[in-house]
Amino acid sequence: MRALVGLSTISVVCSASIVLYAAAHLATTGIIETGPLFEIMVVLPAVAAVVTSLLGALVGLGTLIRRSSRNSPFMLMTVGHVAASAGVAAVVIWSTRATASGWDLLLVPAPILLGQLAVVAGLGVLMFRRRHARPRNRSAHSESED
């Protein structure tokens, strides 16, 4: 389960980089232009997000086999990774048709970002549960033991 959380965190950070770059360009110029930061903010994170989504899907499906880890955060993370991986595979297969121009591969980040919404929700639920499972105030906890 720790591997799934780690892979999910990496894929969400990579997806956030893509979103920030795209949002900044859309807000300022109205189009997403390639520039000096495009490779660092979009291309490299997209490759890392695809790899971590594939690994997250495999690890997530493996953890769902165990009954102890079939709770909602891990289910959400697994569904997000599977959706992102399936979406990327669909875009790649779609771009290999005879009439494809190569520009179709620009759609690869879209399924990654959409799949990561479920992953973010799973990470959020997991953090919320862990935060509320801990005692809030150590002094109040130690006074109740006396």
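Each value, and the rule that gives it
Residues numbered from 1 in each chain as written. Predicted model: local features only at pLDDT ≥ 70, side-chain atom pairs only at ≥ 80, totals over all residues. Heavy atoms only, no water. Helix = DSSP H or I, 4+ residues; strand = E, 2+ residues; numbered from the N terminus. Expected span 1.5 Å × (residues − 1). Bend = angle between axes of the 7 residues up to and from the residue. Buried < 20%, exposed > 50% of the residue type's maximum accessible area, 1.4 Å probe, protein only. Patch = residues over 30% accessible without salt bridge, like charges linked within 9 Å, V, L, I, M, F, W, Y side chains within 5 Å. Areas by Shrake-Rupley, 256 points an atom, 1.4 Å probe, with all protein chains shown as cover. Salt bridge = Lys/Arg side-chain N within 4 Å of Asp/Glu carboxyl O. Lys, Arg positive; Asp, Glu negative; His and termini not counted. Charge placed at Lys NZ, Arg CZ, Asp CG, Glu CD. Axes fitted to C-alpha atoms, helices over the stretch in contact; angles between N-to-C directions. Parallel < 35°, antiparallel > 145°, perpendicular 65-115°, else oblique. Left-handed = near helix turned anticlockwise from the far one by under 90°. Contact = heavy atoms within 4.5 Å. Nonpolar A, V, L, I, M, F, W, Y, C, P; charged D, E, K, R; others polar. Core = buried A, V, L, I, M, F, W, Y, C linked by side-chain atoms within 4.5 Å.

Trainee: Any chance you could explain helix α4 (residues 109-133) here in plain terms?
Mentor: Residues spaced three or four apart along an α-helix face the same direction, because each turn holds 3.6 residues. With 25 residues, α4 extends 35 Å between its outermost C-alpha atoms, agreeing within 8% with the 36 Å of an ideal straight helix rising 1.5 Å per residue. Roughly 25° is the biggest bend found in α4, and it falls at Leu117. Among all positions in α4, only Pro109, Pro111, Ile112, Gly115, Gln116, Val119, Gly122, Leu123 and Leu126 are buried.

Trainee: Sorry, what's going on with a positive patch on the surface here?
Mentor: Taken together, the side chains of Arg2, Arg130, Arg131 and Arg134 make up a positively charged region of the molecular surface. Inspection of the secondary structure puts Arg134 in the loop between α4 and α5 (138-145).

Trainee: I keep staring at the packing of helix α1 (residues 2-28) against α4 and nothing clicks. Help me out?
Mentor: Relative placement of two packed helices is described by the angle separating their axes and the distance separating the axes. Relative to each other, α1 and α4 sit at 130°, their axes nearing to 9 Å. By the criterion of interaxial angle, the relationship of α1 to α4 is oblique. Relative to α4, the crossing made by α1 is left-handed. For the pair α1 and α4, the contacting residues are Val5, Ser8, Thr9, Ser11, Val12, Ser15, Ile18 and Val19 in the first and Pro109, Ile112, Leu113, Gln116, Val119, Val120, Leu123 and Leu126 in the second. Here the contact of α1 with α4 is composed, by residue class, of 11 nonpolar, five polar and no charged.

Trainee: For this particular structure, what's the right way to read the nonpolar core?
Mentor: For soluble globular proteins, the rule of thumb is that nonpolar side chains tend to be buried together. Counting residues in hydrophobic clusters, the biggest one holds eight residues: Leu4, Val5, Val12, Phe74, Met77, Val119, Leu123 and Leu126. When near neighbours in sequence (up to four residues on either side) are disregarded, Val119 contacts Ser8, Ser11, Val12, Leu76, Met77, Gly80 and His81. Of all hydrophobic cores here, the second largest spans six residues; its members include Cys14, Ala49, Val88 and Val108.

Trainee: Honestly, the environment of Ser15 in this entry has me stumped. Any pointers?
Mentor: With respect to the helices, strands and loops of the structure, Ser15 is situated in helix α1. Separated by 98 residues in the primary sequence, Ser15 and Leu113 place their C-alpha atoms 5.9 Å from one another. Leaving out residues up to four positions away in the same chain, Ser15 has contacts with Ala49, Ile112, Leu113 and Gln116.

In short, the description is geometric, and any link to function would need to be established separately.
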